[in-house]
Amino acid sequence: MKQKETVLILDFGGQYSQLIARRVRDLHVYCEIKSFRTPAEEIAAARYKGIIFSGGPDNVYDEDAPKCDKEIFNLGIPVLGICYGAQLMAFSLGGKTDRAEIREYGKTEFQILANSALLHGIEQQSVCWMSHTVYIKTPPAGFHITAVSHTCPVVAMENAEKKLYATQFHPEVEHTVHGKEILHNFLYDICHCSGDWKMDSFIQTTVEQMRKTVGDRNVICALSGGVDSSVAAALVHRAVGKQLICIFVDHGLLRKDEGDEVEHVFRSQFDMNLIRVNAQDRFLKRLSGVSEPEKKRKIIGEEFIRVFEEEAKKIGHVDFLCQGTIYPDVVESGTGNAAVIKSHHNVGGLPKDIGFTGLVEPLRYLFKDEVRKVGTELGLPDNLVWRQPFPGPGLAIRVLGEVTAEKLDLLKDADAIFREEIVKAGLGRKINQYFAVLTGIKSVGVMGDGRTYDNTVALRGVTTTDFMTADWARIPYDVLEKASSRIINEVQNVNRIVYDITSKPPATIEWE
Ligand code: XMP
């Protein structure tokens, strides 16, 4: 359910828009991200407590650079412009902006010049994070400069009377030492937010809302064992108990023992109405002889829907479908038009013709870490709440080439050992995703006195914040060594282990 007290983040295509939203919510203020095209009328009608203009990659004086509705500045709602957002505020209101010879990038010292509600309580001299080429030369009439640096004549400016504030730097980035205080000042002292965004109250209001919507009707949910669908199911279950029927399609492409773990949590611990469909043979049959990655993905996606539909039909009439959609899936982006590299599928892509009348999406307004907090509050175990992302097509895209039951078994064992060693080394939450891949390469080795010709397993570990780009994780050699020797010793038919040291781009996280 949406919160009454809301701040708007107007997105100009900057890479940090979602990070700004995260920071605002960490300060207990609910916020949402909308495109820079949002009309002032719509903003006025939504009664936002404040507006934050994000950064963006464009030059503000370029003709096709994103511009907002100028009426926004006259609504009386406090505005904080960040980087491009600051330049746009200056440009739109008659100030002067210019292009610097050299891009200013990185940590920069700045000085506070004047009393300012935005910069209140902050050391007179401190470090901020800059990333810009265009700069504000002269603020618009009615504004005064509140901070400067050696290279930048306007680091911060404001027109307190009109409640308009701007910083050339990024307060949302950790390198800005007092960034959190600056955002706090804006939200609490300038926008007068009360800070009512807390996870326990979110659960309570969502449960009440859901009870009203669902009444005595039924809800079905496709449970995958992933964080989002699990938390969504637990939340709906809290609201409507046995009226929720969860369908867990076990396609046999999950990691070692995962199917049983999911069943145990939801059936025993939560006493949910759970239908587990063991469909491994069915999926393997359809995947037989197929080695092209996109084809494999499509087959799994289609088959998943088919199995789900069949089960749903057995239930009879279905009123609501529960989906684990989360905020980053729905957020309206400012510009950007990302290319499709792989056809992703997850349980969100279910067909609308299975006959339900409404959708229940209890996590629609939450970021991932908020979803995790809700999961913990609801009593889901840590290993589920902190589960690393796992692709819908599962291990099928980690067995390169054709998928067979034998190859899956081998990969499950190798992968379980690698994951166990990572967790033992205390790296479980530091490395964002880590797994094994069965490469399909056979190579020569020697074991005992004999020659072997066996499989090569690749290990992959990445660090990332958004999974759009990623770096390969610097896993300590002794952890890699332990994982490597255990896999060789404990898993049959493997004689070589390699570690993937490619970032994304140019590689992707998964191998297929
Ligand atoms: P790539 O391989 O594209 O993966 O760098 C980025 C992230 O997405 C996950 N992934 C998927 N998730 N359905 C999903 O739900 C899919 O089809 C899928 N393919 C990749 C991948 O594990 C990584 O976290």
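Residues numbered from 1 in each chain as written. Predicted model: local features only at pLDDT ≥ 70, side-chain atom pairs only at ≥ 80, totals over all residues. Heavy atoms only, no water.

Section: the domain arrangement of the protein
And step 1. You can read the domains of the protein as domain 1 (6–190), domain 2 (199–385) and domain 3 (398–499).
And step 2. In this structure, domain 1 and domain 2 have C-alpha centres spaced 38 Å apart.
And step 3. Taken together, the contact between domain 1 and domain 2 spans 15 residues of the former and 12 residues of the latter.
And step 4. Taking both sides of the interface into account, the surface hidden between domain 1 and domain 2 amounts to around 1,100 Å²; carbon and sulfur atoms contribute 46%.
And step 5. Summed over the shared surface of domain 1 and domain 2, the number is 3 salt bridges.
And step 6. Where domain 1 touches domain 2, the interface holds 4 residue pairs in polar contact (both at pLDDT 80 or more).
And step 7. Counting residues per element, the ones that place at least two in the side of domain 1 that touches domain 2 are α1 (17–26) and β2 (30–35). (Domains from an automatic or database assignment. Contact = heavy atoms within 4.5 Å. Buried area = accessible area lost by both parts, 1.4 Å probe. Salt bridge = Lys/Arg side-chain N within 4 Å of Asp/Glu carboxyl O. Polar contact = N/O pair within 3.5 Å; in protein donor to acceptor, adjacent residues only side chain to side chain. Helix = DSSP H or I, 4+ residues; strand = E, 2+ residues; numbered from the N terminus.)

Here we look at the pattern of salt bridges
And step 1. A complete count under the given rule lists 36 salt bridges for this structure.
And step 2. A salt bridge links E42 to K34; its shortest N-O distance comes to 3.0 Å.
And step 3. Residue class for E42 comes out partly exposed when judged on its relative accessible area of 38%.
And step 4. For K34, a relative accessible area of 17% puts it in the buried group. (Buried < 20%, exposed > 50% of the residue type's maximum accessible area, 1.4 Å probe, protein only.)

Observations regarding the packing of aromatic side chains
And step 1. The final tally for this structure, using the stated rule, is 13 aromatic pairs.
And step 2. Both rings, one in Y105 and one in W129, keep their centres 5.3 Å apart while their planes meet at 70°; by these two values the pair is edge-to-face. Residue Y105 is found in strand β5 (residues 96–112), and its partner W129 is found in strand β6 (residues 125–138); the two are separated by 24 residues along the sequence.
And step 3. Residue classification places Y105 among the exposed residues on the basis of a relative accessible area of 53%.
And step 4. By relative accessible area, which is 10% here, W129 ends up buried.
And step 5. With 6.3 Å between their ring centres and 85° between their planes, F418 and Y434 make a pair best called edge-to-face. (Phe/Tyr/Trp six-rings, centres within 6.5 Å; stacked < 30°, edge-to-face > 60°.)

Concerning the side chain of D228
And step 1. Tracing the backbone shows D228 in helix α6 (residues 227–240).
And step 2. Judged by its relative accessible area of 16%, D228 falls in the buried class.
And step 3. Within the structure, D228 has its side chain in polar contact with the side chain of K368 (distance 3.0 Å).

Re helix α14 (residues 477–490)
In an α-helix, one full turn covers 3.6 residues, which means residues spaced three or four apart are oriented alike.
And step 1. Here α14 spans 20 Å end to end across 14 residues, near enough to the 20 Å set by a 1.5 Å rise per residue.
And step 2. All buried positions along α14 are accounted for by V479, L480, A483, R486 and I487. Buried residues along α14 cover an arc of 135° about the axis, so they all sit on one side. In α14, the exposed positions angled more than 90 degrees off the buried face are occupied by Y477, D478, E481 and N489.
And step 3. Buried residues belonging to α14 abut α13 (405–424), β16 (450–463) and β18 (494–499). (Expected span 1.5 Å × (residues − 1). Arc of directions from axis to C-beta.)

Thoughts on the packing of helix α5 (residues 199–214) against helix α11 (residues 368–377)
Two measures define how a pair of helices packs: the angle their axes make with one another and the distance between the axes.
And step 1. Where α5 contacts α11, the two axes come as close as 10 Å, and the packing angle between them is 75°. Judged by the inter-axis angle, α5 sits roughly perpendicular to α11. On the side of α5, the interface is formed by M199, D200, F202 and I203, while α11 contributes E370, K373, V374 and E377. (Axes fitted to C-alpha atoms, helices over the stretch in contact; angles between N-to-C directions. Parallel < 35°, antiparallel > 145°, perpendicular 65-115°, else oblique.)

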